[in-house]
Amino acid sequence: MSHSAHCTGAIIAGGRATRFGGVAKGLERVGGVRMIDRVAAALGDSCDDLVIVANDAAANRWIPGVRVVTDIRPGTGALGGLHAALVNSREAVLVLAWDSPFVPGGLLRALRSAGEAAGADAALPVSNAPLGFEPLCAWYRTSCRAAVEHHLDSGDLRAGGWQDDIASVRVDVSPWGDPDEIFFNVNTPADLAMADATARRTT
């Protein structure tokens, strides 16, 4: 498969994880594997390089050899993390939140291919979320930076609040399974137990 735009894979590892006791939840294990390693493996199948977007001083020890970048606009939540990913990417970026252990590499490859084939600014996976897509599992060209910065400047910090300002394509995720399972994210210890049970049942 040939690609026209250099693509960085960005592991979005922000947030204070208040519902998880404030710990670095992406370092927790699902099916015996750290969530951050699951996400890195999925992105690694699709991307030319990887970065971790994190403000934790320990982040440079999480995956040796992977570059760590911090928020350029601190305190702006997930949108700030997405902005940092865009700023630190050459042409395009595939973003994936580090608490999403079940997103398959094949879906990420499909997002990249769909975005490039359409000449779009973004490729967004269809889901059952209120927005109808997952803003933190998506392919974006760095041309999206202006739209993101406009929303940051306006105080609209929704990670999915700016995609109407760009040209995007939607990708059906059903070939990879149930979107509720694919995009299951771990916010609490109960979620972690559920994810671990799912991983052990399906492997």
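Residues numbered from 1 in each chain as written. Predicted model: local features only at pLDDT ≥ 70, side-chain atom pairs only at ≥ 80, totals over all residues. Heavy atoms only, no water.

The next point concerns the layout of surface pockets. Considering only enclosed or pocket space, the second largest pocket measures out at about 310 Å³ in volume. Lining the second largest pocket are 17 residues, and of these Phe102, Glu181, Ile182, Thr198 and Thr202 sit closest to its centre. Looking at the lining of the second largest pocket, the elements with two or more residues in it are helix H5 (179–182) and helix H6 (189–202). For the lining of the second largest pocket, the element with the most residues is H6, which contributes five residues. Per-class residue counts for the lining of the second largest pocket are eight nonpolar, four polar and five charged. (1 Å grid on protein atoms, 1.4 Å probe; cavity = no way out; pocket = protein on both sides within 12 Å on 5 of 7 lines; lining within 4 Å. Points joined across faces, edges and corners; volume = space filled by probe spheres on them. Helix = DSSP H or I, 4+ residues; strand = E, 2+ residues; numbered from the N terminus. Nonpolar A, V, L, I, M, F, W, Y, C, P; charged D, E, K, R; others polar.)

Evaluated as defined, the whole model comprises zero disulfides. For Cys47, which is in no disulfide, the shortest distance to another cysteine sulfur is to Cys7 and amounts to 4.1 Å. The class of Cys47 is buried, set by a relative accessible area of 14%. The thiol of Cys144 is not disulfide-bonded; the next cysteine sulfur, from Cys7, is found 12 Å away. (Disulfide = S-S within 2.5 Å. Buried < 20%, exposed > 50% of the residue type's maximum accessible area, 1.4 Å probe, protein only.)

Here we take up H6. The end-to-end C-alpha separation of H6 is 20 Å, in line with the 20 Å expected for 14 residues at 1.5 Å each. Inspection of H6 places Asp191, Leu192, Ala195 and Ala199 among the buried residues, and these make up the whole buried set. The arc enclosing the buried residues of H6, seen along the axis, measures out at 100°, which places them on a common side. Residues of H6 that are exposed and angled more than 90 degrees away from the buried face: Pro189, Ala190, Arg200 and Arg201. Looking at the packing, one finds that the buried side of H6 touches strand E2 (29–30) and helix H1 (35–44). (Expected span 1.5 Å × (residues − 1). Arc of directions from axis to C-beta. Contact = heavy atoms within 4.5 Å.)

Relative to the 20 Å expected for 14 residues at 1.5 Å per residue, helix H3 (residues 105–118) spans 20 Å between its end C-alpha atoms, a close match to the ideal helical length. Listing the buried residues of H3 in full gives Gly105, Gly106, Leu107, Leu108, Leu111, Arg112, Gly115 and Glu116. Note on H3: the residue one or two positions beyond its end, Gly119, has a positive phi of about 65°.

Looking now at the packing of aromatic side chains. What the rule picks out here adds up to two aromatic pairs. Ring centres 5.1 Å apart and planes at 40° place the aromatic pair Tyr140 and Trp162 in the tilted group. In this pair, Tyr140 sits in strand E8 (residues 137–141) while Trp162 sits in the loop between helix H4 (145–154) and strand E9 (168–171), placing the two residues 22 residues apart along the sequence. (Phe/Tyr/Trp six-rings, centres within 6.5 Å; stacked < 30°, edge-to-face > 60°.)

So, to be careful, I would describe these as geometric facts and stop short of saying anything about function.
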